[in-house]
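Chain and residue survey
Take a look at the letters that make up each chain.
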Number of protein chains: 2
Amino acid sequence: MRVAVLFSGGKDSSLSAFLMSPHFEVTLVTATFGIEENWRVAKEVARILGYPYEVLKMDEEILEEAVEMMIRDGNTRKGFTEIHKKVIEEVSKRFSVIVDGIRRDDISPKLTLDEIRSLESRLDIHYITPLMGFSRKTVNLMTRRYFEIEEGNNLYTSDYEFEVRSYMRDRGVDPSIVFPKNHVQSIVRARKDGYGQEDAWKKVEISESI
Amino acid sequence: MRVAVLFSGGKDSSLSAFLMSPHFEVTLVTATFGIEENWRVAKEVARILGYPYEVLKMDEEILEEAVEMMIRDGNTRKGFTEIHKKVIEEVSKRFSVIVDGIRRDDISPKLTLDEIRSLESRLDIHYITPLMGFSRKTVNLMTRRYFEIEEGNNLYTSDYEFEVRSYMRDRGVDPSIVFPKNHVQSIVRARKDGYGQEDAWKKVEISESI
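Everything numeric in this text was worked out from a predicted model, so none of it was measured.

Secondary structure summary: chain A contains 8 helices and 7 strands in total. Computed over its C-alpha atoms, the radius of gyration of chain A comes to 18 Å, within 12% of the 17 Å expected for a compact globule of 210 residues. For chain A, the spread of C-alpha atoms along the principal axes amounts to about 65 × 35 × 25 Å. In chain A, buried positions account for 57% of the 210 residues. Partitioning the contacts of chain A with sequence separation of at least 6, the portion at a separation of at least 24 is 79%. As displayed, chain A has an accessible area near 9200 Å², and 47% of this comes from carbon and sulfur atoms. Between the mean site of the 31 positive side-chain charges and the mean site of the 36 negative ones, chain A shows a separation of 4 Å.

Structure follows, in C-alpha coordinates:
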(Lines give C-alpha, C1' and ligand atoms only; values in the text may rest on other atoms or scores of the structure.)
Protein backbone atom coordinates (compact mmCIF):
# COMPACT_ATOMS: atom_id res chain seq x y z
CA MET A 1 0.00 0.00 0.00
CA ARG A 2 1.37 3.40 -1.03
CA VAL A 3 1.83 6.26 1.42
CA ALA A 4 2.94 9.85 0.90
CA VAL A 5 5.34 11.19 3.54
CA LEU A 6 5.21 14.99 3.66
CA PHE A 7 8.91 15.64 3.32
CA SER A 8 11.17 18.59 4.11
CA GLY A 9 14.50 16.77 4.08
CA GLY A 10 14.82 17.34 7.84
CA LYS A 11 15.40 14.68 10.47
CA ASP A 12 11.76 14.39 11.58
CA SER A 13 10.29 13.67 8.16
CA SER A 14 13.25 11.40 7.36
CA LEU A 15 12.73 9.36 10.53
CA SER A 16 9.00 9.20 9.78
CA ALA A 17 9.80 7.64 6.42
CA PHE A 18 12.09 5.11 8.15
CA LEU A 19 9.36 4.21 10.64
CA MET A 20 6.76 3.69 7.90
CA SER A 21 8.84 1.97 5.23
CA PRO A 22 8.65 -1.57 6.67
CA HIS A 23 4.84 -1.29 6.51
CA PHE A 24 4.02 0.81 3.45
CA GLU A 25 5.44 1.70 0.05
CA VAL A 26 6.83 5.16 0.83
CA THR A 27 6.92 8.11 -1.57
CA LEU A 28 8.41 11.35 -0.25
CA VAL A 29 6.41 14.43 -1.28
CA THR A 30 7.37 18.10 -0.97
CA ALA A 31 4.91 20.91 -1.63
CA THR A 32 6.03 24.07 -3.39
CA PHE A 33 4.28 27.24 -4.50
CA GLY A 34 6.72 27.51 -7.35
CA ILE A 35 8.32 30.79 -6.28
CA GLU A 36 11.54 29.17 -5.03
CA GLU A 37 13.37 25.96 -5.87
CA ASN A 38 14.10 25.06 -2.26
CA TRP A 39 12.31 21.72 -2.74
CA ARG A 40 15.53 20.59 -4.45
CA VAL A 41 17.09 20.20 -0.98
CA ALA A 42 14.45 17.60 -0.08
CA LYS A 43 14.90 15.88 -3.43
CA GLU A 44 18.61 15.43 -2.70
CA VAL A 45 17.85 13.99 0.75
CA ALA A 46 15.31 11.62 -0.84
CA ARG A 47 18.08 10.41 -3.15
CA ILE A 48 20.40 9.90 -0.16
CA LEU A 49 17.73 7.94 1.73
CA GLY A 50 16.73 5.97 -1.36
CA TYR A 51 13.01 6.68 -1.58
CA PRO A 52 10.92 7.72 -4.59
CA TYR A 53 10.35 11.49 -4.56
CA GLU A 54 7.69 13.83 -5.90
CA VAL A 55 7.34 17.58 -5.82
CA LEU A 56 3.79 18.87 -5.60
CA LYS A 57 2.94 22.25 -7.13
CA MET A 58 0.45 24.19 -5.02
CA ASP A 59 -1.55 27.19 -6.17
CA GLU A 60 0.15 30.50 -5.30
CA GLU A 61 -3.21 31.87 -4.14
CA ILE A 62 -3.03 29.56 -1.11
CA LEU A 63 0.30 31.14 -0.17
CA GLU A 64 -1.13 34.63 -0.72
CA GLU A 65 -4.10 33.99 1.58
CA ALA A 66 -1.97 32.34 4.25
CA VAL A 67 0.48 35.25 4.27
CA GLU A 68 -2.38 37.75 4.63
CA MET A 69 -3.64 35.68 7.57
CA MET A 70 -0.19 35.65 9.18
CA ILE A 71 0.19 39.42 8.86
CA ARG A 72 -3.33 39.97 10.25
CA ASP A 73 -2.67 37.57 13.17
CA GLY A 74 0.85 38.83 13.85
CA ASN A 75 2.02 35.20 13.92
CA THR A 76 2.29 32.26 11.55
CA ARG A 77 0.19 29.65 13.34
CA LYS A 78 -3.16 29.75 11.59
CA GLY A 79 -1.56 30.58 8.25
CA PHE A 80 0.66 27.50 8.37
CA THR A 81 -2.24 25.32 9.48
CA GLU A 82 -4.26 26.52 6.46
CA ILE A 83 -1.38 25.77 4.07
CA HIS A 84 -0.96 22.39 5.70
CA LYS A 85 -4.62 21.44 5.28
CA LYS A 86 -4.55 22.46 1.61
CA VAL A 87 -1.42 20.40 1.01
CA ILE A 88 -3.00 17.35 2.67
CA GLU A 89 -6.09 17.87 0.51
CA GLU A 90 -3.98 18.03 -2.64
CA VAL A 91 -1.90 14.97 -1.69
CA SER A 92 -5.09 13.04 -0.85
CA LYS A 93 -6.07 13.14 -4.54
CA ARG A 94 -3.38 10.56 -5.21
CA PHE A 95 -2.55 8.92 -1.87
CA SER A 96 -5.00 7.46 0.63
CA VAL A 97 -2.43 7.31 3.44
CA ILE A 98 -0.60 10.53 4.35
CA VAL A 99 2.27 10.67 6.83
CA ASP A 100 3.23 13.86 8.65
CA GLY A 101 6.47 14.09 10.65
CA ILE A 102 5.23 16.37 13.41
CA ARG A 103 6.61 15.59 16.89
CA ARG A 104 4.90 15.40 20.30
CA ASP A 105 6.69 18.55 21.47
CA ASP A 106 6.99 20.29 18.11
CA ILE A 107 6.69 24.06 18.19
CA SER A 108 5.10 24.05 14.73
CA PRO A 109 1.31 24.27 14.82
CA LYS A 110 -0.43 20.89 15.04
CA LEU A 111 -3.80 19.98 13.65
CA THR A 112 -6.24 19.35 16.50
CA LEU A 113 -7.78 15.91 16.91
CA ASP A 114 -11.06 17.32 15.59
CA GLU A 115 -9.34 18.81 12.53
CA ILE A 116 -7.62 15.47 11.89
CA ARG A 117 -10.87 13.50 12.19
CA SER A 118 -12.64 15.93 9.90
CA LEU A 119 -9.87 15.70 7.27
CA GLU A 120 -9.74 11.90 7.49
CA SER A 121 -13.45 11.54 7.05
CA ARG A 122 -13.95 14.26 4.40
CA LEU A 123 -10.99 13.16 2.26
CA ASP A 124 -11.33 9.43 3.08
CA ILE A 125 -7.67 9.14 4.08
CA HIS A 126 -5.53 7.72 6.85
CA TYR A 127 -3.49 10.55 8.39
CA ILE A 128 -0.52 9.20 10.38
CA THR A 129 1.84 11.22 12.57
CA PRO A 130 4.36 8.53 13.52
CA LEU A 131 6.43 10.84 15.76
CA MET A 132 3.50 12.13 17.82
CA GLY A 133 4.51 9.73 20.57
CA PHE A 134 8.19 10.71 20.50
CA SER A 135 9.99 13.53 22.32
CA ARG A 136 12.68 15.60 20.61
CA LYS A 137 15.22 13.79 22.80
CA THR A 138 14.05 10.37 21.57
CA VAL A 139 14.02 11.52 17.94
CA ASN A 140 17.61 12.74 18.42
CA LEU A 141 18.60 9.39 19.95
CA MET A 142 17.33 7.60 16.85
CA THR A 143 18.31 10.03 14.10
CA ARG A 144 21.88 10.35 15.39
CA ARG A 145 22.33 6.66 14.61
CA TYR A 146 20.97 6.92 11.08
CA PHE A 147 21.86 10.34 9.69
CA GLU A 148 24.53 13.02 9.46
CA ILE A 149 22.47 16.11 10.24
CA GLU A 150 23.04 19.83 9.75
CA GLU A 151 21.10 22.00 12.21
CA GLY A 152 20.69 25.74 12.55
CA ASN A 153 18.48 28.80 12.20
CA ASN A 154 17.31 29.88 8.76
CA LEU A 155 18.83 27.01 6.84
CA TYR A 156 18.05 26.68 3.14
CA THR A 157 15.40 24.00 3.71
CA SER A 158 12.44 22.64 1.81
CA ASP A 159 9.71 23.51 4.31
CA TYR A 160 6.87 25.96 3.65
CA GLU A 161 8.56 28.57 5.81
CA PHE A 162 11.23 29.36 3.25
CA GLU A 163 8.78 30.30 0.52
CA VAL A 164 6.58 32.23 2.94
CA ARG A 165 9.56 34.36 4.01
CA SER A 166 10.61 34.89 0.42
CA TYR A 167 7.07 35.84 -0.65
CA MET A 168 6.86 38.36 2.19
CA ARG A 169 10.20 39.98 1.35
CA ASP A 170 9.19 40.28 -2.34
CA ARG A 171 6.19 42.34 -1.15
CA GLY A 172 8.25 44.55 1.15
CA VAL A 173 7.07 42.81 4.33
CA ASP A 174 9.68 41.98 6.97
CA PRO A 175 9.16 38.28 7.88
CA SER A 176 10.43 38.93 11.41
CA ILE A 177 7.11 40.63 12.30
CA VAL A 178 5.39 37.21 12.25
CA PHE A 179 8.12 34.59 12.66
CA PRO A 180 9.61 33.59 16.00
CA LYS A 181 13.29 34.54 16.29
CA ASN A 182 14.64 31.08 16.92
CA HIS A 183 13.48 28.11 14.96
CA VAL A 184 16.16 25.48 14.66
CA GLN A 185 15.74 23.48 11.46
CA SER A 186 17.57 20.40 10.26
CA ILE A 187 18.69 18.88 6.99
CA VAL A 188 19.82 15.29 6.60
CA ARG A 189 23.16 15.38 4.74
CA ALA A 190 24.13 11.70 4.71
CA ARG A 191 23.13 8.28 5.88
CA LYS A 192 25.41 6.73 8.45
CA ASP A 193 26.85 3.27 8.21
CA GLY A 194 25.36 0.85 10.69
CA TYR A 195 21.91 2.01 9.55
CA GLY A 196 20.46 -0.34 12.18
CA GLN A 197 17.32 -1.51 10.44
CA GLU A 198 19.14 -4.31 8.69
CA ASP A 199 20.42 -5.91 11.90
CA ALA A 200 17.08 -5.54 13.59
CA TRP A 201 15.33 -7.10 10.66
CA LYS A 202 17.64 -10.11 10.75
CA LYS A 203 16.82 -10.60 14.39
CA VAL A 204 13.12 -10.73 13.71
CA GLU A 205 13.73 -13.18 10.90
CA ILE A 206 15.62 -15.57 13.13
CA SER A 207 12.97 -15.42 15.80
CA GLU A 208 10.40 -16.75 13.33
CA SER A 209 11.84 -20.19 13.92
CA ILE A 210 10.85 -20.19 17.60
CA MET B 1 19.64 -0.50 22.43
CA ARG B 2 17.10 -2.42 24.55
CA VAL B 3 13.49 -1.29 24.93
CA ALA B 4 10.64 -2.67 27.01
CA VAL B 5 7.27 -2.77 25.25
CA LEU B 6 4.43 -2.81 27.81
CA PHE B 7 2.60 -5.82 26.48
CA SER B 8 -0.94 -7.15 26.84
CA GLY B 9 -0.97 -9.52 23.87
CA GLY B 10 -3.50 -7.27 22.12
CA LYS B 11 -3.16 -5.78 18.67
CA ASP B 12 -2.02 -2.32 19.81
CA SER B 13 0.93 -3.47 21.89
CA SER B 14 1.80 -6.08 19.23
CA LEU B 15 1.85 -3.45 16.48
CA SER B 16 3.91 -1.17 18.74
CA ALA B 17 6.51 -3.94 19.01
CA PHE B 18 6.51 -4.32 15.21
CA LEU B 19 7.02 -0.56 14.76
CA MET B 20 9.92 -0.44 17.21
CA SER B 21 11.73 -3.67 16.38
CA PRO B 22 13.66 -2.36 13.36
CA HIS B 23 15.12 0.33 15.62
CA PHE B 24 15.55 -1.23 19.06
CA GLU B 25 16.08 -4.60 20.70
CA VAL B 26 12.53 -5.32 21.87
CA THR B 27 11.57 -7.17 25.06
CA LEU B 28 7.86 -7.59 25.74
CA VAL B 29 6.95 -6.97 29.39
CA THR B 30 3.67 -7.69 31.18
CA ALA B 31 2.97 -6.49 34.70
CA THR B 32 1.08 -8.68 37.15
CA PHE B 33 0.04 -8.32 40.78
CA GLY B 34 0.34 -12.06 41.16
CA ILE B 35 -3.31 -12.71 41.94
CA GLU B 36 -4.11 -14.18 38.52
CA GLU B 37 -2.06 -15.89 35.84
CA ASN B 38 -3.62 -13.96 32.96
CA TRP B 39 -0.13 -12.75 31.93
CA ARG B 40 0.27 -16.20 30.35
CA VAL B 41 -1.92 -15.03 27.46
CA ALA B 42 0.62 -12.32 26.64
CA LYS B 43 3.47 -14.80 27.01
CA GLU B 44 1.88 -17.03 24.37
CA VAL B 45 1.45 -14.06 22.00
CA ALA B 46 5.09 -13.11 22.59
CA ARG B 47 6.06 -16.62 21.52
CA ILE B 48 3.90 -16.32 18.39
CA LEU B 49 5.47 -12.95 17.51
CA GLY B 50 8.97 -14.16 18.32
CA TYR B 51 10.10 -11.60 20.88
CA PRO B 52 11.77 -12.12 24.26
CA TYR B 53 9.22 -11.90 27.07
CA GLU B 54 9.31 -10.99 30.74
CA VAL B 55 6.62 -10.89 33.38
CA LEU B 56 7.03 -8.18 36.02
CA LYS B 57 5.70 -8.78 39.51
CA MET B 58 4.18 -5.65 41.03
CA ASP B 59 3.41 -5.12 44.70
CA GLU B 60 -0.21 -5.99 45.55
CA GLU B 61 -0.43 -2.79 47.64
CA ILE B 62 -0.41 -0.78 44.42
CA LEU B 63 -3.47 -2.69 43.22
CA GLU B 64 -5.15 -2.20 46.59
CA GLU B 65 -4.65 1.57 46.53
CA ALA B 66 -5.74 1.85 42.90
CA VAL B 67 -8.92 -0.12 43.54
CA GLU B 68 -9.75 2.11 46.54
CA MET B 69 -9.25 5.12 44.28
CA MET B 70 -11.52 3.64 41.59
CA ILE B 71 -14.30 2.93 44.09
CA ARG B 72 -13.97 6.45 45.57
CA ASP B 73 -14.02 8.03 42.09
CA GLY B 74 -16.77 5.80 40.70
CA ASN B 75 -14.62 5.20 37.64
CA THR B 76 -11.29 3.59 36.75
CA ARG B 77 -9.43 6.51 35.18
CA LYS B 78 -7.18 7.81 37.96
CA GLY B 79 -6.70 4.34 39.41
CA PHE B 80 -5.40 2.95 36.11
CA THR B 81 -3.17 5.99 35.61
CA GLU B 82 -1.65 5.39 39.05
CA ILE B 83 -1.02 1.70 38.29
CA HIS B 84 0.46 2.67 34.94
CA LYS B 85 2.90 5.16 36.47
CA LYS B 86 4.07 2.60 39.03
CA VAL B 87 4.58 -0.01 36.31
CA ILE B 88 6.63 2.46 34.24
CA GLU B 89 8.67 3.28 37.35
CA GLU B 90 9.32 -0.41 37.99
CA VAL B 91 10.23 -1.13 34.35
CA SER B 92 12.55 1.91 34.30
CA LYS B 93 14.83 0.17 36.80
CA ARG B 94 15.98 -2.14 34.01
CA PHE B 95 15.06 -0.42 30.73
CA SER B 96 15.88 3.15 29.73
CA VAL B 97 13.43 3.15 26.81
CA ILE B 98 9.80 2.21 27.53
CA VAL B 99 7.20 1.74 24.80
CA ASP B 100 3.47 2.05 25.47
CA GLY B 101 0.91 0.99 22.86
CA ILE B 102 -1.72 3.63 23.61
CA ARG B 103 -3.56 4.98 20.55
CA ARG B 104 -4.51 8.54 19.54
CA ASP B 105 -8.20 7.79 20.08
CA ASP B 106 -7.85 5.21 22.86
CA ILE B 107 -10.56 5.29 25.49
CA SER B 108 -8.07 4.13 28.13
CA PRO B 109 -6.70 6.99 30.22
CA LYS B 110 -3.60 8.63 28.76
CA LEU B 111 -0.78 10.24 30.67
CA THR B 112 -0.80 13.99 30.04
CA LEU B 113 2.18 15.62 28.32
CA ASP B 114 3.20 17.08 31.70
CA GLU B 115 2.99 13.68 33.38
CA ILE B 116 5.09 12.17 30.58
CA ARG B 117 7.74 14.90 30.82
CA SER B 118 7.86 14.53 34.57
CA LEU B 119 8.29 10.73 34.35
CA GLU B 120 10.93 11.01 31.61
CA SER B 121 12.97 13.48 33.56
CA ARG B 122 12.56 11.92 37.03
CA LEU B 123 13.27 8.35 35.86
CA ASP B 124 15.75 9.37 33.11
CA ILE B 125 13.91 7.35 30.47
CA HIS B 126 12.61 7.71 26.94
CA TYR B 127 8.85 7.06 26.94
CA ILE B 128 7.57 6.28 23.44
CA THR B 129 3.93 5.86 22.40
CA PRO B 130 4.37 4.79 18.76
CA LEU B 131 0.61 4.63 18.06
CA MET B 132 -0.20 8.09 19.40
CA GLY B 133 -0.29 9.35 15.81
CA PHE B 134 -2.52 6.50 14.56
CA SER B 135 -6.31 6.22 14.54
CA ARG B 136 -8.06 2.98 15.40
CA LYS B 137 -8.92 2.66 11.71
CA THR B 138 -5.27 2.90 10.68
CA VAL B 139 -4.20 0.42 13.37
CA ASN B 140 -6.84 -1.98 12.03
CA LEU B 141 -5.58 -1.49 8.47
CA MET B 142 -2.08 -2.52 9.57
CA THR B 143 -2.85 -5.23 12.12
CA ARG B 144 -5.25 -7.03 9.77
CA ARG B 145 -2.28 -7.66 7.49
CA TYR B 146 -0.06 -9.03 10.23
CA PHE B 147 -2.24 -10.82 12.76
CA GLU B 148 -5.21 -13.12 13.27
CA ILE B 149 -7.06 -11.26 16.02
CA GLU B 150 -9.79 -12.22 18.45
CA GLU B 151 -11.88 -9.28 19.64
CA GLY B 152 -14.66 -8.96 22.18
CA ASN B 153 -15.82 -7.74 25.58
CA ASN B 154 -14.32 -9.24 28.73
CA LEU B 155 -11.82 -11.50 27.01
CA TYR B 156 -9.30 -13.37 29.13
CA THR B 157 -6.51 -10.86 28.43
CA SER B 158 -3.26 -9.85 30.10
CA ASP B 159 -4.10 -6.22 30.80
CA TYR B 160 -4.40 -4.71 34.30
CA GLU B 161 -8.17 -4.66 34.01
CA PHE B 162 -8.50 -8.41 34.47
CA GLU B 163 -6.73 -8.49 37.84
CA VAL B 164 -8.53 -5.34 39.00
CA ARG B 165 -11.91 -6.97 38.30
CA SER B 166 -10.85 -10.18 39.99
CA TYR B 167 -9.50 -8.33 43.06
CA MET B 168 -12.79 -6.42 43.36
CA ARG B 169 -14.92 -9.56 43.12
CA ASP B 170 -12.78 -11.29 45.78
CA ARG B 171 -13.67 -8.41 48.10
CA GLY B 172 -17.37 -8.50 47.30
CA VAL B 173 -17.29 -5.40 45.09
CA ASP B 174 -19.17 -5.51 41.79
CA PRO B 175 -16.70 -4.30 39.10
CA SER B 176 -19.57 -2.93 37.02
CA ILE B 177 -19.89 0.03 39.43
CA VAL B 178 -16.62 1.48 38.08
CA PHE B 179 -16.03 -0.12 34.67
CA PRO B 180 -17.68 1.08 31.46
CA LYS B 181 -20.07 -1.49 30.00
CA ASN B 182 -18.41 -1.89 26.65
CA HIS B 183 -14.68 -2.18 26.32
CA VAL B 184 -13.68 -4.18 23.30
CA GLN B 185 -10.34 -5.90 23.85
CA SER B 186 -8.19 -7.86 21.46
CA ILE B 187 -5.80 -10.79 21.56
CA VAL B 188 -3.41 -11.69 18.77
CA ARG B 189 -3.89 -15.40 18.04
CA ALA B 190 -1.55 -15.92 15.09
CA ARG B 191 0.79 -14.19 12.71
CA LYS B 192 -0.35 -14.07 9.13
CA ASP B 193 1.77 -15.04 6.20
CA GLY B 194 2.90 -12.11 4.11
CA TYR B 195 4.16 -10.45 7.25
CA GLY B 196 5.12 -7.45 5.11
CA GLN B 197 8.19 -6.21 6.87
CA GLU B 198 10.45 -8.53 4.94
CA ASP B 199 9.41 -7.24 1.53
CA ALA B 200 9.63 -3.65 2.66
CA TRP B 201 13.07 -4.19 4.07
CA LYS B 202 14.30 -5.68 0.78
CA LYS B 203 13.02 -2.60 -1.01
CA VAL B 204 15.04 -0.29 1.19
CA GLU B 205 18.11 -2.46 0.68
CA ILE B 206 17.85 -2.27 -3.08
CA SER B 207 17.40 1.46 -3.03
CA GLU B 208 20.78 1.87 -1.34
CA SER B 209 22.37 1.41 -4.74
CA ILE B 210 20.78 4.58 -6.16
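One finds A:Met20, A:Leu28, B:Met20 and B:Leu28 to be the most contacted residues of the largest nonpolar core, which totals 64 residues. One finds A:Ala4, A:Leu6, A:Tyr167 and A:Val173 within the second-largest nonpolar core, a separate group that totals 32 residues.

A few words on the sheet that holds strand β1 (residues 2–6) of chain B. Residue and element names in this part refer to chain B. With respect to topology, 5 strands assemble into an open sheet ordered β3-β2-β1-β4-β5, the strand pairing being parallel. Here the strands that pair on one side only, and so sit at the sheet edges, are β3 (53–57) and β5 (126–128). On average, each strand axis in the sheet is inclined to that of its neighbour by 30°, with strand direction left out of account. For β1 and strand β4 (residues 97–99), the ladder comprises 2 bridges, and the chain directions are parallel. Of the residues in β4, the one forming a bridge with Val 5 is Val 99.

Moving on: the confidence of the model for chain A. Residue and element names in this part refer to chain A. Mean pLDDT over chain A: 90, with 91% of residues reaching 70 or higher. Every residue in residues 196–210 is under pLDDT 50, and counting partners more than four places away or in other chains gives 26 contacts. Predicted complex metrics record ipTM = 0.89 and pTM = 0.90.

Moving on, we get to the packing of aromatic side chains. Residues and elements named next belong to chain A. Per the stated rule, a full pass over the model turns up 13 aromatic pairs over all chains. Aromatic pair Phe 18 and Phe 147: ring centres 5.1 Å apart, planes at 65°, arrangement edge-to-face. A residue pair is termed long-range when its members are at least 10 positions apart, and Phe 18 in helix α1 (residues 11–20) and Phe 147 in strand β6 (residues 147–153) qualify at 129 residues. In this structure Phe 18 comes out as buried when scored by relative accessible area, which is 0%. Grouped by ring-pair contacts, the aromatic residues Phe 18, Tyr 51, Tyr 146 and Phe 147 constitute a single cluster.

Residue and element names in this part refer to chain B. Contact geometry for helix α3 (residues 60–73) and helix α7 (residues 160–170): axes closest at 10 Å, N-to-C directions at 75°. As summarised for this structure, α3 and α7 are arranged roughly perpendicular, according to the angle between their axes. Within the contact between the two elements, α3 uses Glu 60, Leu 63, Glu 64, Val 67, Met 70 and Ile 71 and α7 uses Glu 163, Val 164, Tyr 167 and Met 168. Of the residues contributing to the contact of α3 with α7, the split by class is 7 nonpolar, no polar and 3 charged.

About the cut-offs
Residues numbered from 1 in each chain as written. Chains lettered and ligands numbered in written order. Predicted model: local features only at pLDDT ≥ 70, side-chain atom pairs only at ≥ 80, totals over all residues. Heavy atoms only, no water. Helix = DSSP H or I, 4+ residues; strand = E, 2+ residues; numbered from the N terminus. Rg over C-alpha atoms; globule rule 2.2 N^0.38 Å. Buried < 20%, exposed > 50% of the residue type's maximum accessible area, 1.4 Å probe, protein only. Contact = heavy atoms within 4.5 Å. Areas by Shrake-Rupley, 256 points an atom, 1.4 Å probe, with all protein chains shown as cover. Lys, Arg positive; Asp, Glu negative; His and termini not counted. Charge placed at Lys NZ, Arg CZ, Asp CG, Glu CD. Core = buried A, V, L, I, M, F, W, Y, C linked by side-chain atoms within 4.5 Å. Pairing = 2+ DSSP bridges. Axes fitted to C-alpha atoms, helices over the stretch in contact; angles between N-to-C directions. pLDDT = per-residue confidence, 0-100. Phe/Tyr/Trp six-rings, centres within 6.5 Å; stacked < 30°, edge-to-face > 60°. Parallel < 35°, antiparallel > 145°, perpendicular 65-115°, else oblique. Nonpolar A, V, L, I, M, F, W, Y, C, P; charged D, E, K, R; others polar.

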